[in-house]
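# Overview (structure and organization)
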Amino acid sequence: MKYAFFPGCVLEGAAKEDFIATVAVAKKLGIQIEELEGWTCCGASHVQDIDPLGVLATNARNIALAEAQGVQLMTVCNTCTLMLREAKNELDRDETQRARVNNILGQAGLKYKGTSDVTHFLWVLIRDYGLNNLKAKVVKPLSGLRVAEYYGCHLLRPAEETGFEDFQIPTSLADVIKAIGATPIDFSRKLDCCGFHAVYPAHDSVMKMTGSINADAAKEGADCVVTPCPLCQMQLDMFQKEAKQYVANDKDMPIIHMSQLIGLALGISPAELGMTKRHMTSTAALNRFVGA
Amino acid sequence: MRQITYNIHRYNEGRSYVQTYSFDYEPDRTILWGLQKIKDTIDPTLTFIAACRSAVCGACSIKVNGQAMLGCESKIDDITERFGSDTIEIAPIGNFDVIRDLAVDWEAKVNRLKTVAPWIFMKPEFNRDMGSRQTPEDFKKFVTNTECILCGCCASECNKLSANREDFLDPYVYTKANRFVQDSRDAAPMAHVNPAFENGLWKCVHCMNCISRCPKHLKPAKDISELRAVATKAGLSNKGTRHALAFRDDLIKTGRLNEVTMSLKTDGLVDSAKQGLYAMRLWAHGKINPLELVVPHKPVQGIKDVRTIVKAAEEAER
């Protein structure tokens, strides 16, 4: 089981801990991931707004680099997943566009063939590795930990681009939470958007969205929120203090990367999962597993 | 006898409540058929709107188990199988004012639609005698968007509208605007782009609910993206534009994003300085490294290829 790992820019920057945790978890599970040499920014949905053909071509290059190794491209960021899958789907569906892009790539001696799939770590764990196999590796079940399942938009929608599960009634994250012995908390805002991509131009609306998600998770009695997306994690975590004021919520809500939560259950130490100083809030229940 | 149950979110003169109705299951019936059955045989006061029953008029949009869809084309069989239950939640579509029960108010929405001048400004070379011909290729650029039936499904779960409707237009408004911007016969694309830009074009949060809900498989979020591209080319700029340009700059420069300089390029010096305390907090938690301001990122392996590709794409666009 081998994948070209596409960490995405945020795992090099504000979410380095997710890089550390993903690599540690994959190693523990025996999933071979090797960082794709020379990967570039997926465009993050922003370059797509101003230079759609340019970023379609650079994403075709990203996928072509994985194709050259004969492996799937695996991401841990929802937006990277969607941007790369949108590019792949467009190139696979539209022969004219594919020829146009290959003409562009040809100038750099590259070619997009369409032979590598783009997948996400969550999907790899379920579809390729198997939940039963994951369960078998758990040495420290997170018994009693109430974990709010927060998916993030770009792993679910648009369904025609993502296609892993029903976007309205997803279960993948809850299934993983159960497999590591924790209790999934279904909350009404689990499918909502954290607002990350518009935090600059729509600041007030985004703070309200961020605050509402955290407040709703707290209302349902969650000890923490887990997300498979480092952008959602960053938004719900880094802006938590400010966002509280927008929804009159004073409860702290730790926001944990999916890789970190799985890592704890696999017996990897919090330090090895980058959890020592980076998570900004905590709750007593979570501290039982992470340490104060 | 198998029973189908509708929990209907009703509203009348300031009072909101959920009312439960059950009726005998019949195969191959639509959600709208169920509503009509209730109205005809159980409760004539139940209010909803429907007309064509053929997914053409867009009147019967409702929320079914939390998701906006057309009642007339949604099968009870599909919904019960998908959600694993014979009990179905029915509510008015979201982000609209409710008049009564499932009937929502379109009057204010039509006024919002007018904001972007959703009509054609005919080029002067066209006239009654010559007509207004265009090539099949030009026709293809906008014809999909003419399929919008103004059902409001794209607006129902739009997370930006839910957070604040005042500084953002409904997704279908941007779709209508783009329909005319992409029409080769239109003489004044900026007459649609400018008001879109002034009314929240860059405030879309990319939640992708609009694309997931459209019964006609239109892509309002893509229309927003295309309008942004046109606006940017025309020189219109705001924080959203600067943010996108910062990403593109980094893609060309090193291949990857520099979060610290991106913030400066987006917010400008003054606004970035206002975020000083916040930045300190991030630094303290190891989330950002101010050194990145002065120590440039190393370009990725193959950066020359990346630059060649971006440049070649730019030339291909011309």
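Once a new chain begins, its residue numbering starts again from 1 and follows that chain's sequence as written. All chains are assigned letters beginning with A, and all ligands numbers beginning with 1, in the order in which they are written. Given that the model is predicted, a residue must reach a pLDDT of at least 70 before its local features are reported, and side-chain atom pairs must reach 80 or more before they are shown or counted; all residues, however, enter totals for whole chains, interfaces and linings.

### Quick notes on the overall build of chain A
- Helix and strand definitions follow DSSP, with helices as H or I runs of at least four residues and strands as E runs of at least two, each counted in order from the N terminus. A tally of regular secondary structure across chain A gives 15 helices and eight strands.
- Computed over C-alpha atoms, the radius of gyration of chain A comes to 19 Å, within 12% of the 19 Å expected from 2.2 N^0.38 for 292 residues, which places it in the range of a compact globule.
- Throughout, a pair of residues is in contact if the C-beta atoms placed from their backbones lie within 7 Å. In chain A, once contacts between residues fewer than 6 apart in sequence are set aside, the share between residues at least 24 apart is 81%. Based on C-alpha atoms, the radius of gyration is set beside the globule rule, defined as 2.2 Å times the residue count to the power 0.38.

### Overview of the overall build of chain B
- Tallying secondary structure elements over chain B gives 14 helices and seven strands in all.
- A compact globule built from 318 residues would reach a C-alpha radius of gyration of about 20 Å, whereas chain B, at 25 Å, exceeds it by more than 25%.
- To assign burial, the other C-beta atoms lying within 10 Å of each residue's own C-beta are counted, with C-beta atoms placed from the backbone; 20 or more indicates buried, 12 or fewer indicates exposed, and intermediate counts indicate partly exposed. Looking at chain B as a whole, 40% of its 318 residues are labelled buried.
- Across chain B, the fraction of contacts at a sequence separation of at least 24, relative to all contacts at a separation of at least 6, is 67%.

### Things to note about the sheet that holds strand 4 (residues 67-70) of chain B
Residues and elements named next belong to chain B.
- In short, DSSP must find at least two bridges between two strands for them to pair. Across the sheet, which stays open at both edges, the five strands sit in the order 2-1-5-3-4 with mixed pairing between neighbours. Each edge of the open sheet carries a strand with a single partner, namely strand 2 (15-24) and strand 4. Sheet twist, expressed as the average angle between the axes of neighbouring strands with direction ignored, equals 30 degrees.
- By the bridge criterion, 10 bridges tie strand 1 (residues 3-12) to strand 2 in an arrangement that is antiparallel. In the strand pairing of strand 2, His 9 is matched with Val 18.
- Fitted lines through C-alpha atoms serve as axes, helices being fitted only where they are in contact, and the angles separating the N-to-C directions of these axes extend from 0 to 180 degrees. Against the sheet, helix 1 (residues 31-41) contacts strand 1, strand 2 and strand 3 (61-64), and its axis sits at roughly 100 degrees relative to strand 2.

### Topic: the nonpolar core
- Note on terminology: a nonpolar core is any set of buried Ala, Val, Leu, Ile, Met, Phe, Trp, Tyr and Cys residues joined through C-beta atoms within 7 Å. Counting 189 residues, the largest nonpolar core has Ala 60, Val 147 and Val 225 of chain A together with Leu 227 of chain B as the members making the most contacts within it.
- The greatest single-element share of this core, amounting to eight residues, is contributed by helix 4 (residues 52-69) of chain A.

### Overview of helix 7 (residues 171-181) of chain B
Residues and elements named next belong to chain B.
- Within helix 7, 11 of the 11 residues are buried, which leaves it mostly tucked inside the rest of the structure.
- Among the residues of helix 7, Pro 171, Tyr 172, Val 173, Tyr 174, Thr 175, Lys 176, Ala 177, Asn 178, Arg 179, Phe 180 and Val 181 are the ones counted as buried.
- Summarising the contacts, the buried residues of helix 7 are in contact with helix 3 (107-114), helix 4 (136-143), helix 5 (153-156), helix 8 (190-198), helix 9 (209-213) and helix 10 (220-233).

### Quick notes on the pairing of strand 1 (residues 2-6) of chain A
Residues and elements named next belong to chain A.
- With four of its five residues buried, strand 1 lies for the most part within the structure.
- Sheet topology note: the strand 1/strand 2 (residues 32-35) ladder contains four bridges and is parallel. Directly across from Phe 5, in strand 2, lies its bridge partner Glu 35.
- Here strand 1 pairs with strand 3 (residues 72-75) via four bridges, running parallel. Bridge assignment links Ala 4 to a residue of strand 3, and that residue is Leu 73.

### Some points on the interface of chain A and chain B
- Contacts between the two partners involve 56 residues from chain A, matched on the other side by 56 residues from chain B.
- Of all elements in the fold, only helix 1 (9-12), helix 3 (47-50), helix 4, helix 6 (95-106) and helix 11 (203-219) of chain A reach the threshold of two or more residues within the side of chain A that touches chain B.
- Sort the elements by how many residues they give to the side of chain A that touches chain B and helix 4 of chain A lands first, with six residues.
- All residues other than Ala, Val, Leu, Ile, Met, Phe, Trp, Tyr, Cys, Pro, Asp, Glu, Lys and Arg, Gly among them, are scored as polar; the first ten of these are nonpolar and the last four charged. Taken together, the residues of the side of chain A that touches chain B break down into 28 nonpolar, 15 polar and 13 charged.

### Concerning unusual backbone geometry
- The amide bond that connects Arg 157 of chain A to the next residue, Pro 158 of chain A, takes the cis arrangement and shows omega of -10 degrees.
- Checked against the element boundaries, Pro 158 of chain A lands in the loop between strand 5 (146-149) and helix 9 (159-162).
- Positive phi values are uncommon outside glycine, yet His 217 of chain B reaches one of about 60 degrees.
- Within the fold, His 217 of chain B resides in the loop between helix 9 and helix 10.

### Side note on the sheet that holds strand 2 of chain A
All names here are of chain A.
- Pairing in this open sheet of four strands is parallel, and the strands run 2-1-3-4 from one edge to the other. Looking along the sheet, the strands with just one partner apiece sit at the ends: strand 2 and strand 4 (118-120). Strand-to-strand, the axes of this sheet are offset by a mean angle of 40 degrees, without reference to chain direction.
- Relative to strand 4, strand 3 is paired through three bridges, and the arrangement is parallel. Directly across from Leu 73, in strand 4, lies its bridge partner Val 118.
- Sitting on the sheet, helix 7 (residues 121-129) touches strand 1, strand 3 and strand 4, and the angle it makes with strand 4 is about 90 degrees.

### A look at the pairing of strand 3 of chain B
Residue and element names in this part refer to chain B.
- Residue alternation in strand 3 divides its side chains into two sets, Ser 61 and Lys 63 and Ile 62 and Val 64, and both sets are buried.
- The sheet contact formed by strand 3 and strand 4 spans four bridges and is antiparallel. Its bridge partner being in strand 4, Ile 62 is matched across the sheet by Met 69.
- Between strand 3 and strand 4, which follow one another and run antiparallel, lie two residues, and Asn 65 among them has a positive phi close to 50 degrees.
- Sheet topology places strand 3 next to strand 5 (residues 87-91); two bridges connect them, and they run antiparallel. Each bridged residue has a counterpart across the sheet, and for Lys 63 the counterpart in strand 5 is Ala 91.

### What to know about the packing of helix 8 of chain B against helix 10 of chain B
Residue and element names in this part refer to chain B.
- The N-to-C vectors of helix 8 and helix 10 enclose an angle of 105 degrees; their axes lie 10 Å apart at closest approach. Judged by the inter-axis angle, helix 8 sits roughly perpendicular to helix 10. Within the contact between the two elements, helix 8 uses Val 193, Ala 196 and Phe 197 and helix 10 uses Leu 227, Val 230 and Ala 231.
- Residue composition of the contact of helix 8 with helix 10, by class: six nonpolar, no polar and no charged. Every angle not falling under 35 degrees, over 145, or within 65 to 115 is termed oblique; those three ranges are roughly parallel, roughly antiparallel and roughly perpendicular.

### Observations concerning the packing of helix 11 of chain A against helix 13 (residues 240-247) of chain A
All names here are of chain A.
- Where helix 11 meets helix 13, the axes come as close as 7 Å, and the angle between the chain directions of the two elements is 90 degrees. Compared by their axis directions, helix 11 and helix 13 come out roughly perpendicular. On the side of helix 11, the interface is formed by Met 207, Lys 208, Thr 210, Gly 211, Ser 212, Asn 214 and Ala 215, while helix 13 contributes Gln 240, Glu 242, Ala 243, Lys 244, Tyr 246 and Val 247.
- Partitioning the contact of helix 11 with helix 13 into residue classes produces five nonpolar, five polar and three charged.

### Concerning the environment of Gln 97 of chain A
Residue and element names in this part refer to chain A.
- Among the structural elements, Gln 97 can be located in helix 6.
- Residue Gln 97 is classed as partly exposed on the basis of its C-beta count, with 16 C-beta atoms lying within 10 Å.
- A C-alpha to C-alpha distance of 9.7 Å links Gln 97 and Leu 56, two positions 41 residues apart in sequence.
- Filtering out sequence-adjacent residues up to four positions away, Gln 97 remains in contact with Glu 90 and Leu 91.

### Digging into the confidence of the model for chain B
- The predictor reports its confidence for every residue as pLDDT, a score running from 0 up to 100. Overall, the predicted model of chain B reaches an average pLDDT of 94, with 96% of residues at or above 70.
- Our summary of model confidence lists the complex with pTM equal to 0.96 and ipTM equal to 0.95.

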